[in-house]
Every structure is written in structure tokens, then in C-alpha cells.
Amino acid sequence: MPYKNRRSSYSTFILIFVVLKIVLNLLAISHFGFHRDEFLHLVLADHLDWGYKEVPPFIAVLAKITLSVFGDSVAAARVFSTIASACIIWLTGRITVELGGRRFAITLACLALIFSPAMAASGYLFQPVVFDQLWWVLTVWLFTKYLNTADVKYLYWIGAAVGFGMLTKYTMAFFTFSLIIGILISKERKLLFNKHVVVSALIAVVIFLPNIIWQFAHNLPVINHMKELRATQLDYLKPVDFIMQQVLVNGLALFVWLTGFLFLLFSFRLRRFRYLAIAYILIFLFLLQMNGKNYYIFGAYPMLFAAGGFAFERMLKRTYFLLRITAILVFVVPNMLLLPLVLPILPLKTTLAFFRYTHEHMPVLNFATKWEDLKQHPMTQDYADMLGWEEMAQKVANTYHSLTPEQQKHTQIFADNYGEAGALHHFHKKYNIPDVVSLGSSFTLWAPDNLDGKYIIYVDDDDNVERRISPMLESYHKTGEVLNPLAREKGTRIYLLINPSPKLNEIYKKEMAKKRLE
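So, a few notes on the structure that sits alongside this text. For clarity, every value in this text was computed on a predicted model and none was experimentally measured.

The rules behind these values
Residues numbered from 1 in each chain as written. Predicted model: local features only at pLDDT ≥ 70, side-chain atom pairs only at ≥ 80, totals over all residues. Heavy atoms only, no water. Axes fitted to C-alpha atoms, helices over the stretch in contact; angles between N-to-C directions. Helix = DSSP H or I, 4+ residues; strand = E, 2+ residues; numbered from the N terminus. Parallel < 35°, antiparallel > 145°, perpendicular 65-115°, else oblique. Left-handed = near helix turned anticlockwise from the far one by under 90°. Contact = heavy atoms within 4.5 Å. Patch = residues over 30% accessible without salt bridge, like charges linked within 9 Å, V, L, I, M, F, W, Y side chains within 5 Å. Areas by Shrake-Rupley, 256 points an atom, 1.4 Å probe, with all protein chains shown as cover. Salt bridge = Lys/Arg side-chain N within 4 Å of Asp/Glu carboxyl O. Buried < 20%, exposed > 50% of the residue type's maximum accessible area, 1.4 Å probe, protein only. Core = buried A, V, L, I, M, F, W, Y, C linked by side-chain atoms within 4.5 Å. Pairing = 2+ DSSP bridges. Lys, Arg positive; Asp, Glu negative; His and termini not counted. Charge placed at Lys NZ, Arg CZ, Asp CG, Glu CD. Phe/Tyr/Trp six-rings, centres within 6.5 Å; stacked < 30°, edge-to-face > 60°. Lys NZ or Arg CZ within 6 Å of the ring centre and 35° of its normal.

1. Some remarks on the packing of helix 8 (residues 128–149) against helix 15 (residues 274–289)
And then number 1: Where helix 8 meets helix 15, the closest approach of the two axes is 12 Å, and the angle between their N-to-C directions is 150°. By the angle class used here, helix 8 and helix 15 are roughly antiparallel. Between helix 8 and helix 15 lies a crossing whose hand is right-handed. Every residue of helix 15 that contacts helix 8 at Trp-136, Val-140, Phe-143, Thr-144 and Leu-147 is listed here: Tyr-275, Leu-276 and Ile-283.

As C-alpha cells, then:
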């Protein structure tokens, strides 16, 4: 049937699943607390620029809008993430329609995506990852629209999507190149050989250009960030772990996306969209070679879920009503039961009980509680990264307010890593303490020129005070420690450093100068 004569875009029907996704995110929106990465991204709102050491600037603009419009609560921070997650579901439904799917295909694709552990876990925190996924899915939908209509306006929108995607996360470049190579390998390559593709590419470059300029002006920190990430985290990841995680992270919905992937490769009906499967293969192999984290590829799964919904709709005819219901129950319900392990929709105590149960009865899921240190823990690293922060800020405030007003005038607060610094920045007005100083991550870019207070409240997750700093102090004493046993920051100590020698400031200035060049 000609594209323009199709009966329905199923827009109203798709909205059912969009609303379901929003409701689930709202159940989790204020639990358990801020994630360490959320603190980092929120602080960027106070230092708007065209780039940062870890991320491009898009997340900073969203942070500014969030704090200005919605406030500084945990729930407020996650409003845009919820909107992005809902848009991903909407676009997945629309991609399913573009592939030729109808109501059952949309139902299976959207429900599989909503309750996929991978997508649920990555779709509620205020982090670039969910917005990165959104640009990936939007780009795929625009490509399918262009393929079905040959309307060049979709090429222009693709350019804009890629440009804003690059301002969100640099992984957009890998995905875009994979899509382009996939199309060039496929029989649809002729659609790319026209002047409008050049215009689309120029649109993307113009949007992304300010960040390119910023990167060169700051000695390409993205390269140094990737080197540091590889040395501290990625080198610990093994290719076999990446492969197994891709098999496991979507739960039983694996069979939906895997079927979709195979249909894209071999089905005659989806032959025009084969480039999507080729793109998945390319990005998979690239991340496997680069020791990429498992979530780097999550943005590619919605298109495979869409194809999977179409595939099962073709295999299970309308007359196979019971088989269709069974397919939905088998591929979705088990993941629904696991949802509290990846999306904090339940209170903390109940969630911990879930983890204990899965440890005892479903050891195949133990990878979810294996942190970057490759050790097993009582809960996921993301959940642990949401605990203990306000306790730390309170104890820093107690130390500060124990000083006399005259001593407070000569006091600075220093945090060792970006999570601690971000938490102290976020809570500093609430607890009436000075803003924090740190050389962690992008905090280096706006750190003061000197660390020369007579009193320094030092937040340390290592043994820096005893091992490095103590010879340069008149005296010091520990004033507090993060005690929450579930917090990733458990054991982080708060020290009061008294009368540091000028040598400490010299070391600080050297480290700051070095990190600003990295």
C-alpha cells in the first residue's frame, strides 16, 4: 500500500504506553536521593559554557531550566529525564508503524521496552545517557520516515538531531557513522547520494561547532577524559562481560529485540531497513573493541524492539489470539517483577529484600550488583550512589558551624571527588556553608586560584590527609565520617585542617594548572 494511503499512525494508541512510562517514572522520581552524577550535572547550571571535561553542554542547559523552573528537589531534577523516556517510547511506537507494524506490534515493542531492565535503569536519572538515547531513537525514526517518503525535510531534521545529539554525548558520532555505513552497505544507498545530505551534514556541524571550538580552546579535554576513563574503569571490562551483559540486560525481552534483529537481517519484508541491523552490528563491534560500558549501546535497542514487535505480529496472525497474549506475558511479566531492582519504585527496605531474594534464588542476576570494582554488593552501584550525600553535607556543616565567626571568615571547604563536591555545592545554601572547592572533574574549570584558608574542611574518600597533607599542617583532626552502610561513599571522612603551610597552596596550584591542561 502506498505510504500516504496508510490508514493510521496509531498515535492515540501509542500514547497509552507513553502514559504508562510516565507513571512508572513518577513512582520512582523522588527515591532514594540524588545520584552522584546528578549533582555534577546540576552544578553545571551555575557555570554555563560550550563544554566541560566530561560532557558537552546540553545537560547544563537542561540543568539551568530545571533549577529555574522546577526547583532543586530530587523529583525536580528528574522531570526532563521522565519526559525524554516518554519520548523514547513514543518514537519506538512510531518506528514500529514505519516498519509496517500495527497494534499488536506496537504493544509488544513498547511494553518490552518499558519493562526492559536496561532501559528502565537508564531512563530516570538526570544524566546525559537518557537524552543520548532519545537522539539515537529520533534519528532512527527520521531515517525510516525519509526512507518511506523520500521527503528531504527529514534529512534536515536528521542533521539537527545529530547536531544536538553531539552536544549531549559524543557517542552520537559512533552511532551516526554506523547508520551511514549501514545504509551505504545496503541497497538503499542511493537515498544518500544527493545535495540535501550535504546540507544535513552542515546543519549538524554548525550546531556542534561551538563545542568543537571549546574543545580545542581547552586542549581537547574529551581525549584526556577518555584516557582516564579507560585507565580507571574500561580496562577492567572484558569483551566476554560486555557480550554477556547485552544478552542479560533486557531480561526475557532479549527474545523480542533478537528476533527483530534477525528479521531486519533476513526478512524480505524488512529488507529496506536492513541498514538498522548493520548499524547495530557495527556499533556493537566498536564498543566491544573499545571496552565500552554496557549502557553505551542501549540507545540502539528501541529500533530492534520495534522490529521485534513487527516480527511477532507477522508470525502470530490475528487468529492466534491466545499465542499473542502468551507472547506478551512471557516477554514482559518477568521483567515487570524485576522492575524494583533497576527502578526505585519501592521503599528502600523493600528494595533490599528484593536484592536478597534474587541473590539467593536467581544468581544469574548477580551481575546487576557487581560494581566497577568487580565485587558483589547488597544493591546496585546506582542505588548506592544515591545514599549518604546529605549526611556528609550535614557533618561538613556541623564542622563549619563549630568554628567561631572570625574563624569562619578564613575557612574553605575542599572535596576530593566530584560527587562530594557536587553534593556540597547543592546543599551549601540549605546548610549555610561556603561553596566548595574541588579539583575533581569539571570543578577544576572554576576552582579559585588559591587554597589558602587558615582553616580547611577537607572531605576525603582516600587517605590523602594522613599520607600527603599532614606534614604541611599545624594540626588536624577528623570531625565526621559517612556512616550509611549502603552508601558508596561509606567511610568518607571529614577533617578540619588548621593553619596549612604555604606549601599546600603551591601543590594545589600546580595540580590545578595540570588538570586544566588535561
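2. Quick word on a nonpolar patch on the surface
And then number 1: Together, Phe-321, Leu-322, Ile-325, Leu-329, Val-333, Met-336 and Leu-337 line one region of the surface with nonpolar side chains, adding up to about 680 Å² of accessible area.
And then number 2: Owing to a relative accessible area of 47%, Leu-329 belongs among the partly exposed residues under this scheme.

3. Topic: the nonpolar core
Most often, soluble globular proteins keep nonpolar side chains buried together rather than apart.
And then number 1: By size, the foremost hydrophobic cluster in this structure holds 156 residues, and its most contacted members are Tyr-280, Ile-297 and Leu-424.
And then number 2: Element by element, the count of residues in this core is highest for helix 8, at 13 residues.
And then number 3: Other than its neighbours up to four places away in sequence, Leu-424 contacts Met-392, Ala-393, Val-396, Ile-413, Ala-415, Ile-433, Val-436 and Val-459.
And then number 4: By size, the runner-up hydrophobic cluster in this structure holds 16 residues, among which are Leu-451, Val-465, Leu-504 and Met-512.

4. Points about the sheet that holds strand 1 (residues 411–415)
And then number 1: Pairing is mixed across the open sheet formed by 5 strands, whose spatial order is 2-1-3-5-4. Strands with a single pairing partner mark the edges of an open sheet, and in this sheet they are strand 2 (436–438) and strand 4 (473–481). Averaged over all pairs of adjacent strands, the angle between their axes in this sheet comes to 30°, without regard to strand direction.

5. Observations concerning a positive patch on the surface
And then number 1: Together, Arg-102, Arg-103, Arg-269, Arg-314, Lys-317 and Arg-318 make up a region of like positive charge exposed at the surface.
And then number 2: Looking at the element boundaries, Arg-314 is found in helix 16 (residues 301–315).

6. Topic: helix 2 (residues 36–43)
And then number 1: Taken across its 8 residues, helix 2 has 8 buried, putting it largely inside the fold.
And then number 2: The elements touched by buried residues of helix 2 are helix 3 (58–70), helix 4 (74–77), helix 8, helix 20 (389–401) and helix 22 (418–427).

7. Re the packing of aromatic side chains
And then number 1: Within the structure shown, the criterion is met by 31 aromatic pairs.
And then number 2: Between Phe-13 and Phe-17 the ring centres are 5.4 Å apart and the planes differ by 80°, which places this aromatic pair in the edge-to-face class. Pair noted here: Phe-13 and Phe-17 are both in helix 1 (residues 11–28), with a separation of 4 residues, about one helical turn. No difference in accessibility class separates Phe-13 from Phe-17, as the two residues are buried.
And then number 3: Seen in terms of ring centroids, Phe-39 and Phe-427 are 5.9 Å apart; in terms of plane orientation they differ by 65°. Their pairing is edge-to-face. Of this pair, Phe-39 sits in helix 2 while Phe-427 sits in helix 22, placing them 388 residues apart in sequence.
And then number 4: Here the basic side chain of Arg-103 rests over the ring of Phe-13, its NZ or CZ set 5.6 Å away from the ring centre.
And then number 5: Directly above the ring of Phe-268 sits Arg-271, whose terminal nitrogen or CZ lies 3.8 Å from the centroid.

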